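Structural description and commentary
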Amino acid sequence: MTIRLVMITHAPTAATRESRFPSDDPLDARGAESAAGARGALRRFDRVLRGPERRCGETAAGLGLDALVDPSLADLDLGAWRGRTLSELEASQAMELGTWLTDPDAAPHGGESLSSLMDRVAGWLGGLSAERARIAAITHPAVARAAVLQTLGAPLSRFWRLDSAPLTQTWLTHHGGRWQLRETGHPLTADDDA
């Protein structure tokens, strides 16, 4: 059985543009326009899922997709750091920020560690592997990064070396008992015919 999975990062928000850790932010005007501009790019899916955050729901709606909420696709929980910028944290919590950036088990913000995120995403991918389907998942850069690391068997220390821009696609396939990375970082546009 083969699964074709495309993970789409949500369209831009004010937090994205301001390099701020997100809260439950809506898309900004340009983000909504970008999502609407890519409407029709994704057509043939058996299932469409999305993270529970508002920005994922608005991205799905902008793309014209009826997506079911899947809590496993939620963004990395950044606890008390939600709404703050890296510059603010460097000035007020430099030691905690440094620990978080170097220790995948650390969660000085009181939220979720990278290790916990990786476990959540690995469990989600494992739950998909028993079916044959074409699945689209509107989610977050952190979730897409974790899926790529899981697929490649790469250590979490590589998490910060991956980048996932807003409204980009990461394609994975599952066949023969394992996930494979097909493509990552491709911007979603109305010219695509997935």
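1. Some words on the layout of surface pockets
With a probe scaled to a water molecule rolled over the atoms, the places where space remains empty come into view. Approximately 700 Å³ is the volume attributed to the largest pocket. As for the largest pocket, its lining consists of 26 residues, of which Arg20, Phe21, Pro22, Pro141 and Arg145 are closest to the centre. Put simply, the parts of the chain that give the lining of the largest pocket at least two residues each are α1 (14-17), α5 (94-102) and α7 (141-152). Examining the composition of the lining of the largest pocket, we find that three residues originate from one element, α7, more than from any other. Class assignment for the residues of the lining of the largest pocket results in 14 nonpolar, six polar and six charged.

2. Looking at helix α3 (residues 54-63)
Of all 10 residues that make up α3, seven are buried, and the element is covered over most of its length. Those residues of α3 that fall on the buried side of the exposure criterion are Arg55, Cys56, Gly57, Thr59, Ala60, Gly62 and Leu63. Contact partners of the buried residues in α3: α2 (29-37), β2 (47-50) and β4 (133-139). Looking one or two places after α3, you find Gly64, whose phi comes out positive at around 80°.

3. Some details on the confidence of the model for the chain
Taken residue by residue, the chain gives an average pLDDT of 93. The fraction at 70 or more is 97%. Mean pLDDT per element in the chain: strand β6 (residues 178-187) is the minimum at 88, and strand β3 (residues 68-69) is the maximum at 98.

4. Some details on the sheet that holds β2
Overall, mixed pairing links the six strands, which are arranged β3-β2-β4-β1-β5-β6 in an open sheet. Edge positions in the open sheet fall to β3 and β6, since each of these has one partner strand only. As paired elements, strand β1 (residues 3-9) and strand β5 (residues 168-175) share six bridges and run antiparallel to each other. In the sheet register, Arg4 faces β5, and the bridge partner there is Thr173. Set on the sheet, α3 makes contact with β2 and β4; between it and β4 the angle comes to about 125°. α7 contacts β1, β4, β5 and β6 of the sheet and is inclined by roughly 140° relative to β6.

5. Things to note about the packing of aromatic side chains
Applying the stated criterion across every chain, the model contains six aromatic pairs. Pairing Phe21 with Trp81 gives two aromatic rings, centres 6.1 Å apart and planes at 15°, and the pair type is stacked. With Phe21 in the loop between α1 and α2 and Trp81 in the loop between β3 and α4 (86-92), the pair connects residues that are 60 residues apart, well separated along the chain. Like Trp81, Phe21 is buried. Arranged with centres 4.9 Å apart and planes meeting at 85°, the rings of Phe159 and Trp160 form a pair that is edge-to-face. Feature note: the residues Phe21, Trp81, Trp100, Phe159 and Trp160 constitute an aromatic cluster, connected by ring pairs. It is Arg145 that lies over the ring of Phe159; its NZ or CZ is 4.9 Å from the centre. One cation-aromatic arrangement involves Arg182 over Trp171; the distance from NZ or CZ to the ring centre is 4.8 Å.

6. Structural notes on the nonpolar core
Grouped together as the largest cluster of nonpolar side chains are 31 residues, with contacts concentrated most on Leu5, Met7, Leu117, Trp124 and Leu125. Elements represented by at least two residues in this core include exactly β1, α5, α6 (114-128), β4 and α7. Sort the elements by how many residues they give to this core and α6 lands first, with seven residues. Among all residues touching Leu117, those that are not within four sequence positions of it are Leu76, Glu112, Ala142, Val143, Ala146 and Phe159. Core analysis: the second largest hydrophobic core is formed by 20 residues, Leu27, Ala35, Leu42 and Cys56 among them.

Each value, and the rule that gives it
Residues numbered from 1 in each chain as written. Predicted model: local features only at pLDDT ≥ 70, side-chain atom pairs only at ≥ 80, totals over all residues. Heavy atoms only, no water. 1 Å grid on protein atoms, 1.4 Å probe; cavity = no way out; pocket = protein on both sides within 12 Å on 5 of 7 lines; lining within 4 Å. Points joined across faces, edges and corners; volume = space filled by probe spheres on them. Helix = DSSP H or I, 4+ residues; strand = E, 2+ residues; numbered from the N terminus. Nonpolar A, V, L, I, M, F, W, Y, C, P; charged D, E, K, R; others polar. Buried < 20%, exposed > 50% of the residue type's maximum accessible area, 1.4 Å probe, protein only. Contact = heavy atoms within 4.5 Å. pLDDT = per-residue confidence, 0-100. Pairing = 2+ DSSP bridges. Axes fitted to C-alpha atoms, helices over the stretch in contact; angles between N-to-C directions. Phe/Tyr/Trp six-rings, centres within 6.5 Å; stacked < 30°, edge-to-face > 60°. Lys NZ or Arg CZ within 6 Å of the ring centre and 35° of its normal. Core = buried A, V, L, I, M, F, W, Y, C linked by side-chain atoms within 4.5 Å.

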